[in-house]
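Structure at a glance
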Amino acid sequence: MASRARPLNLIAPALAALLLALVLAPLAAVGWRGAGLSLGPADWAAVRFSITQALLSAVFSTALAIPVARALARRRFPGRTLLITLMGAPFLLPAVVAVLGLLAVFGRSGLLNQALIALGLPPISIYGLHGVVLAHVFLNLPLATRMILQGWLSIPSERIRLAQSLGFGPSETFRHLEGPMLREVLPGVVLVILVICLTSFAVVLTLGGGPSATTIELAIYQAVRFEFDLSRAAGLAGVQLAVGSLAALAAWLVTSPAGFGAGLGRELNLSAPEGWRRAGDIAALSAVALFLSLPLGAVLLRGLPGLSDLPAVVLPAAGRSVLVALASSSIATTAALTLALAAARRPQMLLGAAATLPLATSGLVLGTGLFLLIQPFATPMTLALPVTILVNVALSLPYLYRILLPEARAVHSDYGRLADSLAIQGWSRLRWLILPRLARPLGFGAGIAAALSMGDLGVIALFAGERQATLPLVVSQLTGAYRMEAAASAALILVTLSFALFWACDAGGRRAAA
Amino acid sequence: MLQLDRLTLTQGSFQMTADWSANPDARIAVMGPSGAGKSTLLAAIAGFLKPSSGRILWQGRDQADVPAGERPVTILFQDQNLFPHLTVAQNLGLGLRPDLRLTPADRARLDEALARVGLDGMGPRRPAQLSGGQASRAALARALLRARPILLLDEPFAALGPALRGEMLDLVRAVADETGALVLMVTHDPKDALALGGDTAFVAEGIVHAPVETRALFANPPKDVQDYLGRT
């Protein structure tokens, strides 16, 4: 391309370098401080537990999602579209809220134990490995279902018609159509959920703990907050980084771009077998609907009465959370757009690396590194919110980049030459071409980033004192103190704000694109 | 004068050369088999492809360092000539001012151009609300407004029927007459080349041959032109 070097061409590489530094500097601090540290038996137990719970969570989520996805793929019923849409929601549901809901159903005085006691049976405990796995399945089963459903919808309709014209029954259909599709899709689903569960913190903070149920992330948190053993925290962070980056790399290589933005509206004419298969589909759908809605319904019922009498900490925390979410979402969206536009023009290693590297880390790993970097110069507590914003920017950047890059490429290939030939550059290009064409994915991506940031409980737990607490931290603290009604009320506010932020950004993008 | 001075264009393993010049008011059809490099030639003149050697000169000035938007060129692509999210008027306005800050005089010119191509009152419409022929007219109206001295047509009317294509060619000639532009038009159809009037540059086997008068070329075609036209 015959274009003169413009100063604009340097913005994206500079930004990429800055983002790389944001991730690499904490990692270097972790490596420096943690190097040579030998892990004790308790640390190895944490490593084992991390991997065990993540594997179990990923396998259960995926296995249970298969019948649900198949039922959704081949049945038509009122409320089907609504159910599929709701399946997208747990991705944005703050984990602390999910935990609270599960406690209301499966907890010590929850619905299930009340029923068991009434029947004269011994109560069950939700704490420990099975509780952690249960919560992870609750959070990730819907994601797995949507990913697998996408696989079903990607079977070409010609092939389905061919199968029908050849008189395939359900077992032949499975062998020749569904089986091959699942073999292709399932490894990616398992790996994505594995990565999510390896870096899950909020769930383990409440439902795990103790020598037998501590993950690496939880051990990092305890080392920083309770033992103030920063060297041990750094060593653990190094291990978490190694485990997490291996899993993230595998997932990145295996999976195609995530489809949670797609409408899944395509019609598919899979034959819907009758008889016991019909009963099985109905059972799968009812079970998953009940499993997903009961805990959330319980939070709603418990939380509503307390809304008029909130603990004093809740509203200021809500305000801080909204500020953090808005700041990190707008910074991350701007950064991702800058990188995606530059990469769409000319692929560059640096840009891709900057946008992908954060996937290998976690909130607590980055948090530990930043803690180590800040501590010699300032009280980490005073910088809790800026650090949370930065970490949220880094962690949401890969998702945003992945959402924006294909769209930026499409705009470049469809209209790049036309815009070039009309000398539409700089601000005019942004105003008249990029923003209108990318309004939808920008709004959607900003909404995802805002909601994830709003509900995130990770790095803030490392840094915050009373006066820096965000809403998820307050919910978690109230839950930990068994103030369940107050926790539920705060959780309601948290959920409402998270989804309101997502909706506002997403709808804004749609309106701007219209 | 447009000069292609020992020009070599390379795309991957594909290479083509051109070494000729054309008068500022020439009408040149660019013909040749698919994949011969007709679009590549236009892309190079428009500034989307750097020559691997040789020069492209306009009125004696080397265009190598001139960005696409500042070249003396208006180009019409096969499709995507209009931004679908902007109105027809905005699409035309971008041809006058990339930041769309139009003066009342600009708007008057814009309305005039719309009327000139037969799109009176269609300014507020979106491209999706136009027929294929109307979209081509809108793109030609923008070419009229920009009034650049070179008009490059990369088969913009390929999807239109023969009658409509004839109308568009009439309009192209009218626009070129009014702006005094040199026209380079890629086409597959000998009739279009004849309708454009003027010369034809035949592209084959990595060479863009110097333009020769279209009638003369078809009356007495050399071997490769015969092969292309399918005459025995």
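Located above this text is the structure these notes cover.
**Thoughts on the overall build of chain A**
Along the backbone of chain A there are 20 helices and 0 strands. For chain A, whose C-alpha radius of gyration is 24 Å, the value lies close to the compact-globule estimate of 24 Å for 514 residues. Along the three orthogonal principal directions, the C-alpha set of chain A runs to about 80 × 70 × 50 Å. The 514 residues of chain A split such that 53% are buried. Of the contacts formed within chain A by residues at least 6 apart in sequence, a portion of 85% connects residues at least 24 apart. Accessible surface, chain A: about 22300 Å² in total, of which carbon and sulfur atoms supply 68%. In chain A, 35 side chains carry a positive charge and 19 a negative one; their mean positions are 6 Å apart.

**Thoughts on helix 6 (residues 129–153) of chain A**
Residues and elements named next belong to chain A. Given a rise of 1.5 Å per residue, 25 residues ought to cover 36 Å, and the 35 Å separating the end C-alpha atoms of helix 6 matches this to within 8%. Most pronounced at asparagine 140, the bend in helix 6 amounts to some 40°, and the proline proline 142 follows within four residues. Among the 25 residues of helix 6, 21 are classified as buried, and the element is accordingly described as predominantly covered.

**Brief notes about the pattern of salt bridges**
This structure, assessed with the given rule, holds 17 salt bridges over all chains. Here glutamate 167 of chain B makes a salt bridge to arginine 137 of chain B, at a shortest N to O gap of 2.7 Å. With a gap of 30 residues between them, glutamate 167 of chain B in helix 5 (residues 162–179) and arginine 137 of chain B in helix 4 (residues 132–146) connect regions that are remote in the sequence. Owing to a relative accessible area of 18%, arginine 137 of chain B belongs among the buried residues under this scheme. A cluster of three or more residues bridged by salt bridges with shared partners is formed by Asp43, Glu227 and Arg232 of chain A.

**Side note on the side chain of glutamine 53 of chain A**
Looking at the secondary structure, you find glutamine 53 of chain A in helix 2 (residues 41–74). If near-sequence neighbours (up to four positions away) are discounted, glutamine 53 of chain A is found in contact with Leu129, Val132, Val133, His136, Cys197, Leu198 and Thr215 of chain A.

**Focus: the pairing of strand 9 (residues 199–204) of chain B**
Residues and elements named next belong to chain B. Counting buried positions over the 6 residues of strand 9 gives 5, a clear majority of the element. Of the pairings in the sheet, the one linking strand 3 (residues 27–31) to strand 9 comprises 4 bridges and is parallel in character. Paired with valine 30 across the two strands is alanine 201, which belongs to strand 9. Where strand 9 and strand 11 (residues 212–213) come together, 2 bridges link them in antiparallel fashion. Its bridge partner lying in strand 11, threonine 200 is registered against valine 212. Pairing analysis gives 2 bridges linking strand 9 to strand 10 (residues 207–208), with the strands arranged antiparallel. In the strand pairing of strand 10, valine 203 is matched with valine 208. Connecting strand 9 to the antiparallel partner strand 10 that follows it, the hairpin turn spans 2 residues, and glutamate 205 within it adopts a positive phi of roughly 50°.

What counts and how
Residues numbered from 1 in each chain as written. Chains lettered and ligands numbered in written order. Predicted model: local features only at pLDDT ≥ 70, side-chain atom pairs only at ≥ 80, totals over all residues. Heavy atoms only, no water. Helix = DSSP H or I, 4+ residues; strand = E, 2+ residues; numbered from the N terminus. Rg over C-alpha atoms; globule rule 2.2 N^0.38 Å. Buried < 20%, exposed > 50% of the residue type's maximum accessible area, 1.4 Å probe, protein only. Contact = heavy atoms within 4.5 Å. Areas by Shrake-Rupley, 256 points an atom, 1.4 Å probe, with all protein chains shown as cover. Lys, Arg positive; Asp, Glu negative; His and termini not counted. Charge placed at Lys NZ, Arg CZ, Asp CG, Glu CD. Expected span 1.5 Å × (residues − 1). Bend = angle between axes of the 7 residues up to and from the residue. Salt bridge = Lys/Arg side-chain N within 4 Å of Asp/Glu carboxyl O. Pairing = 2+ DSSP bridges.

Everything listed is a geometric property; what it means functionally is a separate question.
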